[in-house]
Amino acid sequence: MLDLNRLKALHAVSVYGSVGAAAEALMVTPSAVSQQLAKLERETGATLLERSGRGVRLTDAAGLLADHAERILALVETAEADFEALRGEVVGRLGIGAFPTAARGLLPQALVRLRERHPDLTLRLYEREPERMVREVSRGELDLAVIQDWMNRPLAVPDGLSRATLFDDIADVVLPVGHPLAGRAEIELSELSGERWISGSPGTVCHDWLVYTLRAAELEPEITCMADEYPTQLALTAVGQGCAIVPRLGRDLLPPGVRAVPIRPRPIRRIYAVWRSDAARRPAIRAAVDALRAASAGLGAVV
């Protein structure tokens, strides 16, 4: 009889393309994945991996088995969801992903609520970029994720996922207090022409959104500092290294020497919870969404 954990390891290698990437996704060591695959080879009597340059590739037999594994794992998840729904109890394991500012500003309150109300639920939190979380929820590697969706650059959510809006998060421009525009009640984005900018790293949602937004306003961004954490961006702003656009969820208290000023047009990102539609029957999913909504109540315009 085929072992489910070994099939899961093979499926992960099929999806991610290497033993190392599969191990990262499964949160185990590469040697643990290799051991599972070696046992599966003995179990099936078939060679599953072949050397290809510095990496490996799946044999035809492994590809066939990986296709079956995907269907088997989906059926197991459906069976677990149906069983939990039948019992009506919030139990089992729940893997939740969140982008960095939500992991810090939203998830702690939601996790406390879940642990207090549902002590038999085992929770795991993972900090991820939104695009990665959408893929991981779709593949069943995460049960639920909190993602951000900028109004002027929406994130595609594939079929098979359900979502619930939690709140709208407004972003302001942050300036050194000595900046000529720091005393204004509002600033047109076009007035920031020629400014030096502080941004997240290239390839992150925040960096790509900033470049897209500035260019849409016919401003070519001169990015002089890159820092992924908003507190670091604020610290750099305070010493005059540039300006930044910072969502209110990620802002906390402004440090001395920094002023936040609203912008027109107003940048807004919508914060969502997403989960697989076929897992919606799980009481744990419903409880997590309820906890996230409760934690979001004081953070913005709740929808």
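Residues numbered from 1 in each chain as written. Predicted model: local features only at pLDDT ≥ 70, side-chain atom pairs only at ≥ 80, totals over all residues. Heavy atoms only, no water.

Focus: the overall build of the protein
Scanning the protein for helices and strands turns up ten helices and 13 strands. For the protein, the spread of C-alpha atoms along the three principal axes comes to 75 × 50 × 30 Å. Burial statistics for the protein: of 303 residues in total, 44% are counted as buried. Counting only contacts in the protein whose residues sit at least 6 apart along the sequence, the fraction spanning at least 24 positions is 74%. Only carbon and sulfur atoms are counted for the fraction: they give 52% of the accessible area of the protein, which is about 14900 Å². Computed over 36 positive and 39 negative side-chain charges, the separation of the two mean positions in the protein equals 3 Å. (Helix = DSSP H or I, 4+ residues; strand = E, 2+ residues; numbered from the N terminus. Buried < 20%, exposed > 50% of the residue type's maximum accessible area, 1.4 Å probe, protein only. Contact = heavy atoms within 4.5 Å. Areas by Shrake-Rupley, 256 points an atom, 1.4 Å probe, with all protein chains shown as cover. Lys, Arg positive; Asp, Glu negative; His and termini not counted. Charge placed at Lys NZ, Arg CZ, Asp CG, Glu CD.)

Describing helix α2 (residues 19-26)
For an α-helix, the turn length of 3.6 residues means that residues three or four places apart are oriented alike. Along α2, the residues classified as buried are Val-19, Ala-22, Ala-23 and Ala-25. Relative to the axis of α2, the buried residues are bounded by an arc of 160° and lie together on one face. Along its buried surface, α2 packs onto α1 (4-16), α3 (30-44), β1 (49-52) and β2 (55-58). Sitting at the amino-terminal end of α2 is Ser-18, which places a side-chain oxygen 3.0 Å from the backbone nitrogen of Ala-21. Phi turns positive one or two residues past the end of α2, at Met-27, with a value near 60°. (Arc of directions from axis to C-beta. Polar contact = N/O pair within 3.5 Å; in protein donor to acceptor, adjacent residues only side chain to side chain.)

Some details on the pairing of strand β3 (residues 92-98)
Along any regular strand the residues' side chains alternate between the sheet's two faces. Within β3, five of the seven residues are buried, which leaves the element mostly enclosed by the surrounding structure. In this structure, β3 lies alongside strand β4 (residues 121-127), joined through seven bridges in parallel fashion. In the sheet register, Gly-92 faces β4, and the bridge partner there is Leu-121. Two elements, β3 and strand β5 (residues 144-150), share three bridges in a ladder whose sense is parallel. The residue bridging Ile-96 from the neighbouring strand is Leu-144, located in β5. (Pairing = 2+ DSSP bridges.)

Let's talk about the pattern of salt bridges
Using the criterion set out here, one finds 20 salt bridges in the structure. In this structure, Glu-43 engages Arg-6 in a salt bridge whose closest nitrogen and oxygen atoms are separated by 2.9 Å. Note that Glu-43 is positioned in helix α3 and Arg-6 in helix α1, a separation of 37 residues in sequence. Judged by its relative accessible area of 31%, Glu-43 falls in the partly exposed class. Residues participating in the shared-partner salt-bridge network are Glu-24, Arg-128, Arg-132 and Glu-136. (Salt bridge = Lys/Arg side-chain N within 4 Å of Asp/Glu carboxyl O.)

Overview of the packing of aromatic side chains
Per the stated rule, a full pass over the model turns up one aromatic pair. A ring pair is formed by Trp-150 and Trp-209, whose centres lie 3.8 Å apart and whose planes are at 15°; its orientation type is stacked. Taken together, the residues Trp-150 in strand β5 and Trp-209 in helix α8 (residues 205-216) connect sequence positions 59 residues apart. Across the pair, Trp-209 and Trp-150 agree in class, each one buried. Residue placement shows Arg-163 over the ring face of Tyr-272; its charged tip is 4.3 Å from the ring centre. (Phe/Tyr/Trp six-rings, centres within 6.5 Å; stacked < 30°, edge-to-face > 60°. Lys NZ or Arg CZ within 6 Å of the ring centre and 35° of its normal.)

A closer look at the environment of His-179
Among the secondary structure elements, His-179 is positioned in the loop between β6 (161-176) and β7 (187-188). His-179 gets classed as buried once you look at its relative accessible area, which sits at 15%. Spatially, the C-alpha atom of His-179 lies 8.7 Å from that of Gly-240, the residues being 61 residues apart in sequence.

Observations regarding the side chain of Thr-101
Structurally, Thr-101 is set in helix α5 (residues 100-105). A polar side-chain atom of Thr-101 sits 3.1 Å from a polar atom in the side chain of Arg-269. Look past the residues within four positions of Thr-101 in its chain and what remains in contact with it is Leu-106, Tyr-230, Leu-249, Gly-250 and Arg-269.

A closer look at the nonpolar core
If you look at the biggest cluster of nonpolar residues, it comprises 42 residues, and the most contacted ones within it are Leu-106, Val-146 and Leu-292. Per-element accounting of this core gives the leading share, eight residues, to helix α10 (residues 283-296). Setting aside chain neighbours within four positions, we find Leu-106 in contact with Thr-101, Val-146, Leu-166, Phe-167, Leu-292, Ala-295, Ser-296 and Leu-299. Judged by nonpolar contacts, the second largest core, of 18 residues, contains Trp-150, Leu-219, Ile-245 and Ile-263. (Core = buried A, V, L, I, M, F, W, Y, C linked by side-chain atoms within 4.5 Å.)

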